[in-house]
Amino acid sequence: RSTVPMAGANMANSILGAGILSMPLAMAQAGTGVCAVLLGLCALLTAYSTSLLIRLGDEHNVDSYIKLCHRALGRGGVFTVSSMLCVLTFGMMVTYTIILGDVGSGMLGAALGVPNSVDTLYVRAVVIGAATAAFLLPLSLVRNLSKLAKYSFVALASIFYIASYALMHVVHTGVRVRSEDIVWRGTHVLPAFGLITGAYVCHHNAFDIYKSLRVRTQPQYRRVSVCASTGALVALSTVAFAGYLSYGPAVSGDILRNWPHSFGGHLARVAAITVLLFTYPLDAYVLRVNIEEMVQRHSATRTPLSRTASSRLAVALVVASSLCATALKDSGVVFELFGTASAITIAYVLPSLCALALDRAPLCSARTIGHLIFFVLGVLTTITGTAAVIANIAA
């Protein structure tokens, strides 16, 4: 069982994965002012919507996101949330592995004096294969989420160094972005919103984190969600502003590509690898449990998978994500697409829809109107944001 700090570390670690490396790009797309507003807004919405899920689960005696959608929306809700969870978590696993391969092969090339090794398929494949066998696979076989808490603290310490290095780098080198490039509102707000939402989304871990609490009450969980969201806001904002002020519109979708090959820069890359290694298992855990519940729901006996079958499923998912990461190279595109297409649905659309179905409050009540606004804005943002991301990719 986890204490509030341990559960908060798990939740914050779920938020502060690969998304933190894309925050400077989000600021370049949305503009400094709009990006700052979106970062704060998403922190508030994350704390609110995850607590909403837990409240609905307690009131209707369900202990998972999928079961809550089944209770509220029937089979259609189960299909929607299951599909979105599979897309999101597997996409995150692929994104983490792409960055891991890029950073690892780049550092290996720098150490061996081999330029451009990051673009060599063979080197990336070796790095990804070694990381998968040594770290990703063993950690992904953990069955109890509370056992990952000690790794979450290690990952959070690494996040703290990444944010600190980003801040020190811009202080040391000075603001190199031109004054005309610092605008309040950029030209690609919706793709930036998808990046930020993808960075904040942790709703797929909400029930597992809640169940891991030693004292399982809604007030305790609200403390966990508020603390985790606030800490994530500070870290994400620091990297976003520092990275953008250092490189402006030339910032990469992965800020590690911009940072110099100095001792501090390589230490930041090691910290990023540490974060990715210990964030990856959280998404792998949720994906595995989600698939196990789908299989159990459609089996004739409704019996859960055996431990052996569950372990084989975990191995298959990890291997599949590593193969996809070996074939793909642009983590920014993958993260942007998955974040907009699935994260907004999971974070905003489905929680509000479940609340509308289960609360049964009067139509004109403040609670119902709030859920309706939440739902409509989520749907519109998902549709327009996904279209904008696809248009950018095509361009």
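Everything that follows concerns the structure shown earlier in this document.
Residues numbered from 1 in each chain as written. Predicted model: local features only at pLDDT ≥ 70, side-chain atom pairs only at ≥ 80, totals over all residues. Heavy atoms only, no water.

1. Quick notes on the layout of surface pockets
Right, on to step 1. By volume, the largest pocket is sized at about 490 Å³.
Right, on to step 2. Residue lining of the largest pocket: 20 residues in total, with Lys67, Val289, Glu292, Glu293 and Gln296 positioned closest to the centre.
Right, on to step 3. Breaking the lining of the largest pocket down by element, the ones donating at least two residues are α4 (65–112) and α10 (263–298).
Right, on to step 4. In terms of residues, the lining of the largest pocket owes the most to one element, α10, which gives seven residues.
Right, on to step 5. Broken down by class, the residue content of the lining of the largest pocket amounts to six nonpolar, four polar and 10 charged. (1 Å grid on protein atoms, 1.4 Å probe; cavity = no way out; pocket = protein on both sides within 12 Å on 5 of 7 lines; lining within 4 Å. Points joined across faces, edges and corners; volume = space filled by probe spheres on them. Helix = DSSP H or I, 4+ residues; strand = E, 2+ residues; numbered from the N terminus. Nonpolar A, V, L, I, M, F, W, Y, C, P; charged D, E, K, R; others polar.)

2. Structural notes on the packing of aromatic side chains
Right, on to step 1. Across all of its chains, the model carries six aromatic pairs by this definition.
Right, on to step 2. Both rings, one in tyrosine 165 and one in tryptophan 259, keep their centres 4.9 Å apart while their planes meet at 80°; by these two values the pair is edge-to-face. Note that tyrosine 165 is positioned in helix α6 (residues 149–173) and tryptophan 259 in the loop between α9 (218–247) and α10, a separation of 94 residues in sequence.
Right, on to step 3. By relative accessible area, tyrosine 165 is classed as buried at 8%.
Right, on to step 4. A ring pair is formed by tyrosine 348 and phenylalanine 374, whose centres lie 5.6 Å apart and whose planes are at 45°; its orientation type is tilted. Here phenylalanine 374 lies in helix α13 (residues 366–394) and tyrosine 348 lies in helix α12 (residues 331–359), a separation of 26 residues in the sequence.
Right, on to step 5. A residue is classified by how much of its surface remains accessible, and tyrosine 348, at 3% relative accessible area, is buried.
Right, on to step 6. Classification of phenylalanine 374 by relative accessible area gives buried; the value is 11%. (Phe/Tyr/Trp six-rings, centres within 6.5 Å; stacked < 30°, edge-to-face > 60°. Buried < 20%, exposed > 50% of the residue type's maximum accessible area, 1.4 Å probe, protein only.)

3. A few points about empty space enclosed by the protein
Remark: the empty space left among the atoms is shown by a probe the size of a water molecule rolled over them.
Right, on to step 1. The tally for this structure, following the rule as stated, stands at three cavities of 30 Å³ or more.
Right, on to step 2. Considering only enclosed or pocket space, the largest cavity measures out at about 150 Å³ in volume.
Right, on to step 3. Around the largest cavity, the lining comprises 15 residues; the ones closest to its centre are Ser64, Tyr65, His204, Asp208 and Val289.
Right, on to step 4. Among the secondary structure elements, those contributing two or more residues to the lining of the largest cavity are α4, α8 (206–212) and α10.
Right, on to step 5. By volume, the second largest cavity amounts to about 50 Å³.
Right, on to step 6. Along its surface, the second largest cavity is lined by 13 residues, and Ser14, Met92, Tyr96, Gly198 and Val201 are the ones closest to its centre.
Right, on to step 7. For the lining of the second largest cavity, the secondary-structure elements that each account for two or more residues are α1 (4–15), α4 and α7 (189–200).
Right, on to step 8. Residues belonging to the lining of the second largest cavity are distributed by class as follows: seven nonpolar, five polar and one charged.

Geometry only, nothing functional implied.
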